[in-house]
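# Commentary on secondary and tertiary structure
Okay, here's what each chain looks like letter by letter:
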Amino acid sequence: MVLEAPHLPLIGKRLRQQASRDDRIKLGFMAVIGLYLVVALGAPLFVMLSKSLSTYRFELSAFEFQVSDETGANWGPVVRAADLNRELGAVTEAELSSNSDGRLAATKFFLDFKFRSPVHYRIRGTTDDAAFLVGSTLEKGTEWREYDSGTFRRVVLRPARALGFTNFTTYFSTPALAQSIYNSVLMAVISTVFTISIAFALAYGLTRSCMPLKGLFRGILTIPILVPSLLPGIALVYLFGNQGIFRDWLLGYSIYGPIGIVIGSIFFTLPHAFLIILTALSIADARHYEAAASLKASKWRTFTTVTVPGARFGIVSAAFVVFTLVITDFGLPKVIGGQYGMLAVDIYKQVIGQQNFEMGAVVSVILLVPAVLAFVVDRHMQKRQVALLSARAVPYTPKRNARADGLCFAFACLVSLFILGMIAMCQIAAVVKFWPYDLTLTSKNFAFDLMDGGGWAAYSNSIRLALLTALFGSVVVFAGAYMVEKADGFRLGRGVFHFLAMMPMAVPGMVLGLAYIFFFNNPANPLHPIYGTMAILVVSTVTHFYTVAHLTALTALKQMDPEFESVAASLKQPFHRLFFRVTVPVCLPAILNIAIYLFVNAMTTVSAVVFLYSTDTKLASVAVLNMDDAGDIAPAAAMGMMIFYTNVAAKLVHALIARGPLARTQAWR
């Protein structure tokens, strides 16, 4: 058999479709936003990792001295700092270990030093890397430098840097620090078990019963999302603290520690778990229940063989979300944790309290491990979940059962009472004069300008941050998701971009904030000028909450048929015209949801910004932390409630503003 020429296999270079102008523009946009993610996430984390491996030590053999007589003209022999220290014992072995900011006074090696003496001193390094400071001037190299006594007292040696795992060894050999790992995991596991159990019961009641007021309960259960995680800690102090209303209910146990952390964690993680499990239980196939009923299976057997397996992926996903939120949270254990060590608080103590940035980086790397593991397992489970969905599924409609409906209603009331009670306690704390001795109502707690923490300027800064984050974040996130979903070709680039977009979910806020210090506070970095400005707060906040917003945008874009792009291409319409006239109007609900999501989280976030604010950019959530630290708990509660009021108002404004545009752009639905 002979093949004709048109059917012969092609030999030579593989033919490629020529990229159009629109494709090149899309690739350019993807590259720009991808570069943003690399600079805002990848590079800071890499720098932080290298910082955790950095150790600093004063290498005395790297410095030499020479001392003159009182005439200043005749010089004595050259001596090494190491030899002087061996002879005098001026610096112990432990004192030679330092951090990146370590300083060692050169005068320590001269016991008879007097700064008004006519004696002159010379100093030089034995290597080119040996460095010392004269005041704030950095000197390096092997060249001799001569100083009089008055100047020599300002000479300090700088430590040399080395790479290794010494910091990790030090961390794990310190019992108090290593205990934090056990404490954090224990608190996360206990909180996850309680939260998932409560969230599942609530979601089950809303989807499998005919209990009344479902919409009201759904709204109440999402309230904790609107407040910073510090606020439940303050509420628990007023309820169960040393002067709390119900302190006797704890039977002698203290709320400051594990009990407070668990109760507070349940409060602020419950909405996240509830919404995920509610979604999982909402996708029930009524045919499975009909089959169980026809087989005369008991209700318990139906529950264990139909309901729970059908929602298992949602339960697992919610469990990992709660576990990650608890183990990485900083605000709650800082307010209510007492002396109970937690990893996120350790980072704060190492960086703010001890200025030990290397050890802070070590704790950050350790904190990344459980967060990354939870993220990877969750991604794996979600991929499997897609295969379980069936196009023939029949929506499940619950049947009335007075006893079951009553139980579900009572449980929802109990949990709602817990949530509203916590918020009400914060409200009371914000308006009473001096709890619990003088319960007179007052507005003085809102006089933030008289308190340490940032004043009303901090509150206005938070609103500015939230608005900028919502505006720029929505644009960047949606444009990035559009390039990933709708661009033709560039499969490798789109895969890398999607991976970068998913990474922020696995990076705790404290870790991101510390990584930003290392990366942006370096004067050699061209982006150093944004350090300490509102810009870096916006960048860190957008990056911190990028993943959920990215997934929201992708979900909306996947609902659009790819034929839109094909038809536009056949009509020779540029992609930007299709984007602004079709894609954006169709996806407007998702874009508005992204904007309000970023706004609310920017108002409440603490962990990602606590290392990055400056005097001019203090934030309301950080002010709550600072006022609580200073003992001004009532003003801290007042500022926390201001954040709550603002988020509620933003939600209402969002609903009102969105009504008109949505009515015009979503009429086709």
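Definitions and limits used
Residues numbered from 1 in each chain as written. Predicted model: local features only at pLDDT ≥ 70, side-chain atom pairs only at ≥ 80, totals over all residues. Heavy atoms only, no water. Helix = DSSP H or I, 4+ residues; strand = E, 2+ residues; numbered from the N terminus. Buried < 20%, exposed > 50% of the residue type's maximum accessible area, 1.4 Å probe, protein only. Areas by Shrake-Rupley, 256 points an atom, 1.4 Å probe, with all protein chains shown as cover. Lys, Arg positive; Asp, Glu negative; His and termini not counted. Charge placed at Lys NZ, Arg CZ, Asp CG, Glu CD. Salt bridge = Lys/Arg side-chain N within 4 Å of Asp/Glu carboxyl O. Polar contact = N/O pair within 3.5 Å; in protein donor to acceptor, adjacent residues only side chain to side chain. Contact = heavy atoms within 4.5 Å. Pairing = 2+ DSSP bridges. Patch = residues over 30% accessible without salt bridge, like charges linked within 9 Å, V, L, I, M, F, W, Y side chains within 5 Å. pLDDT = per-residue confidence, 0-100. Core = buried A, V, L, I, M, F, W, Y, C linked by side-chain atoms within 4.5 Å. Arc of directions from axis to C-beta. Phe/Tyr/Trp six-rings, centres within 6.5 Å; stacked < 30°, edge-to-face > 60°. Lys NZ or Arg CZ within 6 Å of the ring centre and 35° of its normal.

Each helix and strand in the protein chain was counted, giving 26 helices and 13 strands. Over its C-alpha atoms, taken along the principal directions, the protein chain stretches across nearly 105 × 95 × 45 Å. The 669 residues of the protein chain split such that 48% are buried. Of the roughly 33200 Å² that the protein chain leaves accessible, carbon and sulfur atoms contribute 63%. The centroid of the 55 positive side-chain charges in the protein chain is displaced by 14 Å from the centroid of its 39 negative side-chain charges.

All right, on to the pattern of salt bridges then. For the structure on display, the rule yields eight salt bridges. The shortest N-O distance in the salt bridge between arginine 57 and glutamate 93 comes to 2.6 Å. Taken together, the residues span a long stretch of sequence, with arginine 57 in strand 1 (residues 54-57) and glutamate 93 in helix 3 (residues 93-96) at a distance of 36 residues. Since its relative accessible area comes to 27%, arginine 57 is described here as partly exposed. Of the charged contacts in the structure, one is a salt bridge between arginine 122 and glutamate 146, with a shortest N-O distance of 3.7 Å. Of the two residues, arginine 122 sits in strand 6 (residues 120-125) while glutamate 146 sits in strand 9 (residues 145-148), which places them 24 residues apart along the sequence. Overall, glutamate 146 belongs to the partly exposed group, its relative accessible area being 41%. Bridged by salt links that share partners, the residues Arg57, Glu59 and Glu93 form one connected network.

Our next topic: unusual backbone geometry. Across residues other than glycine, the phi torsion is negative in most instances, and most of the peptide bonds are trans. Positive phi, close to 60°, is recorded for leucine 213, a residue that is not glycine. In this fold, leucine 213 is placed in the loop between helix 6 (175-208) and helix 7 (214-221). Within the chain, lysine 296 stands out as a residue other than glycine whose phi angle is a positive 55°. Note that lysine 296 resides in the loop between helix 10 (286-294) and helix 11 (299-310).

A separate point is the side chain of serine 149. By the secondary structure assignment, serine 149 is in helix 4 (residues 149-152). Given a relative accessible area of 0%, serine 149 falls into the buried group. Side-chain polar atoms of serine 149 contact the backbone oxygen of valine 119, separated by 2.6 Å. Those residues within four positions of serine 149 in sequence are excluded, and the remaining contacts are Phe113, Lys114, Phe115, Ser117, Val119 and Tyr121.

Let's shift gears to the sheet that holds strand 1. The strand order across the open sheet built from three strands is 4-1-11, with neighbouring strands paired in antiparallel fashion. At either margin of the open sheet sits one strand with a lone partner, and together these are strand 4 (97-98) and strand 11 (160-163). The sheet contact formed by strand 1 and strand 4 spans two bridges and is antiparallel. For tyrosine 56, the partnering residue across the bridge sits in strand 4 and is serine 98.

Note that alanine 602 resides in helix 24 (residues 588-604). On the basis of relative accessibility, which here comes to 1%, the residue alanine 602 falls in the buried class. For alanine 602 and alanine 62, which are 540 residues apart along the polypeptide, the C-alpha to C-alpha distance reads 48 Å. Not counting chain neighbours up to four residues away, the residues in contact with alanine 602 comprise Leu465, Ala466, Thr469 and Thr541.

Both strand 1 and strand 11 contribute to a ladder of four bridges, which runs antiparallel. Within the sheet, the bridge partner assigned to arginine 57 lies in strand 11 and is alanine 160.

Now for the side chain of threonine 195. Take threonine 195: it is sitting in helix 6. By relative accessible area, threonine 195 is classed as buried at 0%. One polar contact links the side chain of threonine 195 to the main-chain carbonyl oxygen of serine 191, over a distance of 2.6 Å. Residue contacts for threonine 195: discarding those within four places in its chain leaves Ile266, Thr269, Leu270, Ala273 and Val322.

Next up on the list: a nonpolar patch on the surface. Taken together, the side chains of Val185, Val189 and Val193 present a nonpolar region at the surface, about 220 Å² in accessible area. One can find valine 185 in helix 6. Taking the relative accessible area as the measure of exposure, valine 185 reaches 34% and is therefore partly exposed.

On to the confidence of the model for the protein chain. Of the residues in the protein chain, 93% reach a pLDDT of 70 or more, and the chain-wide mean stands at 84. Overall, residues 1-8 carries pLDDT values under 50, and its contacts beyond four positions in sequence, including any with other chains, amount to one contact.

Another point: the environment of threonine 552. Checked against the element boundaries, threonine 552 lands in helix 21 (residues 546-558). Placed 38 residues apart in sequence, threonine 552 and alanine 590 show a C-alpha to C-alpha distance of 6.5 Å. There is a polar contact of 2.8 Å between the side chain of threonine 552 and the backbone oxygen of valine 548.

One finds Met48, Phe330 and Phe611 to be the most contacted residues of the largest nonpolar core, which totals 166 residues. In this structure, methionine 48 is in contact with Ala361, Ser364, Val365, Leu368, Val511, Ala515 and Phe518, ignoring residues within four places of it in sequence. Phe58, Phe63, Phe109 and Ile123 belong to the second largest nonpolar core, which has 25 residues in total.

Each strand in a sheet pairs with another by means of backbone hydrogen bonds, the pair being arranged parallel or else antiparallel. Reading across from one edge, 5-10-7-8 is the order of the four strands in this open sheet, with antiparallel pairing throughout. Each edge of the sheet is formed by a strand with only one pairing partner; in this case those strands are strand 5 (104-105) and strand 8 (137-140).

Right, let's talk about the pairing of strand 2 (residues 63-67) for a bit. Burial analysis of strand 2 places four of its five residues in the buried class, which makes it a mostly covered element. Bridging between strand 2 and strand 6 involves five bridges; their strand directions are antiparallel. Residue pairing in the sheet places phenylalanine 65 in a bridge with isoleucine 123 of strand 6. As judged from the two bridges shared by strand 2 and strand 3 (residues 79-80), these two strands associate in the antiparallel manner. Residue pairing in the sheet places glutamate 64 in a bridge with arginine 80 of strand 3.

Next up on the list: helix 10. Among all positions of helix 10, only Ala286, Tyr289 and Ala292 are buried. Projected down its long axis, helix 10 carries its buried residues within an arc of 120°, all on one side. Of the residues in helix 10, the exposed ones pointing more than 90 degrees away from the buried face are Glu290 and Ser294. The elements touched by buried residues of helix 10 are helix 6 and helix 11.

Let's shift gears to the packing of aromatic side chains. Following the criterion strictly, the structure yields 31 aromatic pairs and no others. Seen from their ring centres, phenylalanine 110 and phenylalanine 152 are 5.8 Å apart, and the 70° between their planes marks the pair as edge-to-face. Placement of phenylalanine 110 in the loop between strand 5 and strand 6 and of phenylalanine 152 in helix 4 is noted, with a sequence separation of 42 residues between them. A single burial state applies to phenylalanine 110 and to phenylalanine 152, both of which are buried. Look at tryptophan 456 and tyrosine 459: their rings are 5.6 Å apart centre to centre, the planes differ by 85°, and that puts the pair in the edge-to-face class. Placement of both tryptophan 456 and tyrosine 459 in helix 17 (residues 455-486) is noted, with a separation of three residues, approximately one turn of the helix. The class of tryptophan 456 is partly exposed, set by a relative accessible area of 33%. Seen from the ring of tryptophan 75, arginine 122 lies directly overhead, with NZ or CZ sitting 4.0 Å from the centre.

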